[in-house]
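Understanding the architecture of this molecule
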Amino acid sequence: MNILIMGPAGAGKGTMSERIIAEYDIPHISTGDMLRENVRNETELGLEAKAYMEAGKLVPDELINAMVEKRLQESDCEKGYLLDGFPRTLVQAEEFAKIADRINKPIQAVVALEVGIEALEQRITGRRICPKCGAIYHMQSHPPKVEGTCDECGSEIIQRKDDTLEQLQVRMAEYEKSTKPVIEFYETQGLVHHIDASKTQSEVFALVKEALGKVA
Ligand code: AMP
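First, a word on scope: everything that follows refers to the structure included in this document. Note that this is a predicted model, so its numbers are computed, not measured. (Residues numbered from 1 in each chain as written. Predicted model: local features only at pLDDT ≥ 70, side-chain atom pairs only at ≥ 80, totals over all residues. Heavy atoms only, no water.)

This paragraph deals with the sheet that holds strand β2 (residues 28-30). In sheet architecture, strand pairing relies on hydrogen bonds along the backbone and comes in two forms, parallel and antiparallel. Read from one edge of the open sheet, five strands run β2-β3-β1-β4-β7, paired in parallel fashion. Either end of the sheet is taken by a strand with one partner, and the two such strands are β2 and β7 (192-196). Along the sheet, successive strands turn relative to each other by an average axial angle of 25°, direction set aside. As paired elements, β2 and strand β3 (residues 81-84) share three bridges and run parallel to each other. Each residue of the ladder has a partner; that of S30, found in β3, is D84. The strands touched by helix α1 (residues 13-24) are β1 (2-6), β2, β3 and β4 (109-114); relative to β1, the strand with the most contacts, the crossing angle is about 165°. Each of β1, β4 and β7 touches helix α8 (residues 201-213); the most contacted strand, β7, lies at about 160° to it. (Pairing = 2+ DSSP bridges. Helix = DSSP H or I, 4+ residues; strand = E, 2+ residues; numbered from the N terminus. Axes fitted to C-alpha atoms, helices over the stretch in contact; angles between N-to-C directions. Contact = heavy atoms within 4.5 Å.)

Structure, rendered in structure tokens:
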């Protein structure tokens with residue numbers, strides 16, 4: 001199945017993506033992750049994208065579109081794909097419709113994770129991560145056994161630099177401005193499944209599966 005997952009920062013896209021790819025045996029194609037890998041490996045694309053990413057700006061559409069078109073033609077996408085972070089603007093969505101047509105891999109379902117702003121604030125500001133092993137904690141709902149220390153590897157846990165109220169507001173504003181029109185674009189095609197992502201992980205995943213189960 002060809003799926004696009006969308007949702008603001010803190011909506012649980014990462015967790016749901018992991019569960020969706022395991023359930024449907026499809027690759028997780030995150031343009032942010034792909035770009036970061038290109039930057040790390042200092043590829044031509046990485047060198048071009050780096051300055052935009054560091055400035056918090058969107059990487060030019062031609063670069064992103066070409067990168068995604070190439071990736072979707074790899075053999076692991078035969079059963080489908082889970083796109084994450086792309087299309088991020090209306091222009092990208094319109095261009096991607098042409099690409100998907102060309103390679104015969106149209107989006108069949110859009111999973112839109114929805115969480116109210118207060119819950120997002122709580123999730124984001126309480127989130128702590130282990131910089132060493134990547135384990136994720138929450139000060140209220142999932143604290144480590146020993147305060148400030150990772151249960152898994154014993155390292156000191158930290159707050160991500162962008163997990164602040166100020167940054168959340170910036171990311172929400174960007175989401176409203178650029179990404180909402182993308183959801184509306186797919187809405188007119190009847191592809192969007194609105195999911196109440198304020199519930200527990202298992203409950204949210206059950207809703208996602210129910211929605212995707214209705215897709216041919
Ligand atoms: P993310 O991890 O999805 O927040 O992406 C990190 C950065 O990669 C963004 O701030 C952009 O600079 C770039 N990026 C990721 N996806 C796209 C996209 N679809 N279009 C343009 N730039 C992107």
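That covers the picture; the talk isn't over yet.
Counting buried residues in β4 gives five out of six residues, a clear majority hidden from the surface. For β1 and β4, the ladder comprises four bridges, and the chain directions are parallel. By the bridge assignment, M6 is partnered in β4 with A112. Of the strand pairs in this sheet, β4 and β7 are connected by five bridges, and their pairing is parallel. When the sheet's bridge partners are listed, E114 is paired in β7 with D196. (Buried < 20%, exposed > 50% of the residue type's maximum accessible area, 1.4 Å probe, protein only.)

To continue, consider the side chain of D84. Mapped onto the secondary structure, D84 falls in strand β3. When its relative accessible area of 8% is taken as the criterion, D84 is described as buried. Side-chain polar atoms of D84 contact the side chain of H28, separated by 2.8 Å. Those residues in contact with D84, other than ones at most four positions away along the chain, are I5, K13, S17, H28, I29, S30 and T31. (Polar contact = N/O pair within 3.5 Å; in protein donor to acceptor, adjacent residues only side chain to side chain.)

In the vicinity of the ligand there are 13 residues, among which T31, R36, K57, G85 and Q92 approach most closely. The separation between an oxygen atom of the ligand and a polar side-chain atom of R36 is 2.9 Å. If the ligand stood free it would expose 480 Å²; the protein chains cover 81% of that surface. Within the shell around the ligand, the residues separate by chemical class into six nonpolar, four polar and three charged. (Near = heavy atom within 4 Å. Areas by Shrake-Rupley, 256 points an atom, 1.4 Å probe, with all protein chains shown as cover. Nonpolar A, V, L, I, M, F, W, Y, C, P; charged D, E, K, R; others polar.)

Once that is clear, we can look at the pairing of β3. Burial along β3 is two-sided: the face carrying Y81 and L83 and the face carrying L82 and D84 are both buried. The pairing of β1 with β3 spans four bridges and is classified as parallel. Bridged to I3 within β3 is L82.

We now examine unusual backbone geometry. Cis rather than trans, the peptide bond between F86 and P87 has omega equal to -10°. By secondary structure assignment, the location of P87 is in the loop between β3 and α5 (90-102). Phi is positive for D25, which is not a glycine, with a value near 55°. Structurally, D25 is set in the loop between α1 and β2. Relative accessible area serves as the criterion here: at 47%, D25 is assigned to the partly exposed category. Of note, the phi angle at N104 is positive, near 55°, even though the residue is not glycine. Here N104 is to be found in the loop between α5 and β4.

Attention shifts here to the layout of surface pockets. Within this model, the second largest pocket holds a volume of roughly 290 Å³. Around the second largest pocket sit 15 residues that line it, and M34, N38, L45, M67 and K70 are the ones nearest its centre. Secondary structure elements with two or more residues in the lining of the second largest pocket: α2 (31-40), α3 (44-54) and α4 (61-72). It is α4 that provides the largest number of residues to the lining of the second largest pocket, a total of six residues. Split by residue class, the lining of the second largest pocket holds five nonpolar, three polar and seven charged. (1 Å grid on protein atoms, 1.4 Å probe; cavity = no way out; pocket = protein on both sides within 12 Å on 5 of 7 lines; lining within 4 Å. Points joined across faces, edges and corners; volume = space filled by probe spheres on them.)

Everything listed is a geometric property; what it means functionally is a separate question.
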